[in-house]
Amino acid sequence: NAGKSTLFNAITKAGAQVGNYPFTTIDKNVGVAVVPDDRLRQIYDVMKSEKMVSTTVCFVDIAGLIRGASKGEGLGNQFLGHIREVDVIVHVVRCFEDKNVIYVNESIDPAGDIEMVTTELILADLETVETRFEKVKNQAKSGTKEFKDTYENLNMLKEHLQRNKMAYLFNQIDKVKDLSLLTSKPVVYVANVDENKIENNPLVEKINEIAKTERSETVTVSAKIESEIAELEDEERIAFLNDLGLKESGLNELIFN
């Protein structure tokens with residue numbers, strides 16, 4: 001209940017089910033968003049092309065994750081399988097208080113939520129690495145230099161993950177790309193905030209601190225506002241953003257990221 005399906009619908013207009021209870025999303029939802037780019041219109045006008053084709057981004061709304069997902073708890077196995085198919089993880093984090101929207105924990109804790117999800121992804125990756133490590137161990141004892149190098153890389157990667165660090169921060173991740181690790185994918189954190197607390201939100205600052213240490217990006221949006229903006233025509237949308245004191249929709253920043 002972080003607002004990811006609401007955000008997904010605002011981006012793609014796909015009409016995914018949204019509900020006030022955990023695991024509203026069970027089967028993944030797939031939608032396509034057009035990348036808004038004023039430069040494309042300018043090029044189109046100059047080149048006098050027959051048609052204008054915008055770049056698109058495919059978004060996948062995946063089932064929520066709970067502690068123990070790496071061991072199959074909740075929809076863990078399904079969730080992890082869907083994540084393996086994507087190029088970038090957009091991690092929507094709840095940064096709003098609303099007694100009418102159920103929250104699985106006692107209090108709003110974006111840092112704790114991020115830590116839980118990250119840990120589950122790392123544990124799943126650690127299992128993958130340890131399985132490969134055991135296979136290579138015997139080959140490295142009597143094998144070629146290639147096997148020995150692979151053994152050393154896997155050993156260092158295993159220690160890296162055991163320190164609760166994501167795989168993409170491992171300095172030799174290119175040498176183990178065939179493992180298709182979950183945490184080898186870049187992450188964009190989306191702080192879903194209350195419509196009245198878009199600016200100077202202390203909960204967002206906590207996410208920014210985490211993103212900085214992970215070399216990740218943070219985008220601040222109000223999924224509630226974005227869902228309203230998505231229903232407006234262009235002129236109405238601009239006027240609505242101006243009334244809110246915003247230069248552009250948060251979704252535009254997310255799509256460009």
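Structure's up top.
These numbers come from a predicted model, not from an experiment.

(A) Structural view of the pairing of strand β5 (residues 217–221). Both strand β4 (residues 187–193) and β5 contribute to a ladder of five bridges, which runs parallel. Following the sheet pairing, Tyr-189 is matched in β5 by Thr-218. Chirality of the crossover, the property in question, places the unit of β4, helix α6 (residues 202–214) and β5 among those that are right-handed.

(B) Quick look at α6. Here α6 spans 19 Å end to end across 13 residues, near enough to the 18 Å set by a 1.5 Å rise per residue. The backbone nitrogen of Leu-203 has a side-chain oxygen 2.9 Å away, supplied by the residue at the start of α6, namely Asn-201. Once α6 ends, the next one or two residues include Arg-215, with phi positive near 55°.

(C) Seen up close, the pairing of β4. Buried residues dominate β4, accounting for seven of its seven residues. Neither face of β4 is left uncovered, since the one carrying Val-187, Tyr-189, Ala-191 and Val-193 and the one carrying Val-188, Val-190 and Asn-192 both have all their residues buried. In this sheet, β4 lies alongside strand β3 (residues 89–95) in parallel orientation, the contact comprising seven bridges. Along β4, the bridge assignment pairs Ile-89 with Val-187.

(D) The arrangement of the sheet that holds β4 in detail. Pairing within the open sheet is parallel, and its three strands lie in the order β3-β4-β5. Bordering the open sheet on either side are β3 and β5, each of which pairs with just one other strand. For this sheet, the mean inter-axis angle between neighbouring strands, taken without regard to orientation, is 25°. With respect to the sheet, α6 is in contact with β3, β4 and β5, its orientation differing from that of β4 by roughly 175°.

(E) Geometry of the environment of Asn-29. Looking at the secondary structure, you find Asn-29 in strand β1 (residues 29–34). For Asn-29, a relative accessible area of 22% gives the class partly exposed.

(F) The arrangement of the nonpolar core in detail. Of all hydrophobic cores here, the largest spans 40 residues; its most connected members are Leu-121, Leu-157 and Tyr-189. Going through the elements one at a time, α3 (76–83), β3, α4 (110–142), α5 (145–162), β4 and α6 are the ones with two or more residues in this core. Looking at which element gives the most residues to this core, the answer is α4, with 10 residues. Aside from chain neighbours lying at most four places away, what touches Leu-121 is Phe-79, Leu-80, Ile-83, Ile-89, Leu-182 and Thr-183.

(G) Focus on the packing of aromatic side chains. For the coordinates displayed, the defined rule picks out one aromatic pair. Arranged with centres 5.0 Å apart and planes meeting at 25°, the rings of Phe-133 and Tyr-151 form a pair that is stacked. Linking Phe-133 in helix α4 with Tyr-151 in helix α5, this pair joins segments that are 18 residues apart in sequence. Tyr-151 gets classed as partly exposed once you look at its relative accessible area, which sits at 23%. Here the guanidinium or amino end of Lys-158 rests over the ring plane of Phe-133, the centre of that ring lying 4.1 Å away.

Rules behind the numbers
- Residues numbered from 1 in each chain as written.
- Predicted model: local features only at pLDDT ≥ 70, side-chain atom pairs only at ≥ 80, totals over all residues.
- Heavy atoms only, no water.
- Pairing = 2+ DSSP bridges.
- Helix = DSSP H or I, 4+ residues; strand = E, 2+ residues; numbered from the N terminus.
- Right-handed = clockwise from strand over helix to strand, strands pointing away.
- Expected span 1.5 Å × (residues − 1).
- Polar contact = N/O pair within 3.5 Å; in protein donor to acceptor, adjacent residues only side chain to side chain.
- Buried < 20%, exposed > 50% of the residue type's maximum accessible area, 1.4 Å probe, protein only.
- Axes fitted to C-alpha atoms, helices over the stretch in contact; angles between N-to-C directions.
- Contact = heavy atoms within 4.5 Å.
- Core = buried A, V, L, I, M, F, W, Y, C linked by side-chain atoms within 4.5 Å.
- Phe/Tyr/Trp six-rings, centres within 6.5 Å; stacked < 30°, edge-to-face > 60°.
- Lys NZ or Arg CZ within 6 Å of the ring centre and 35° of its normal.

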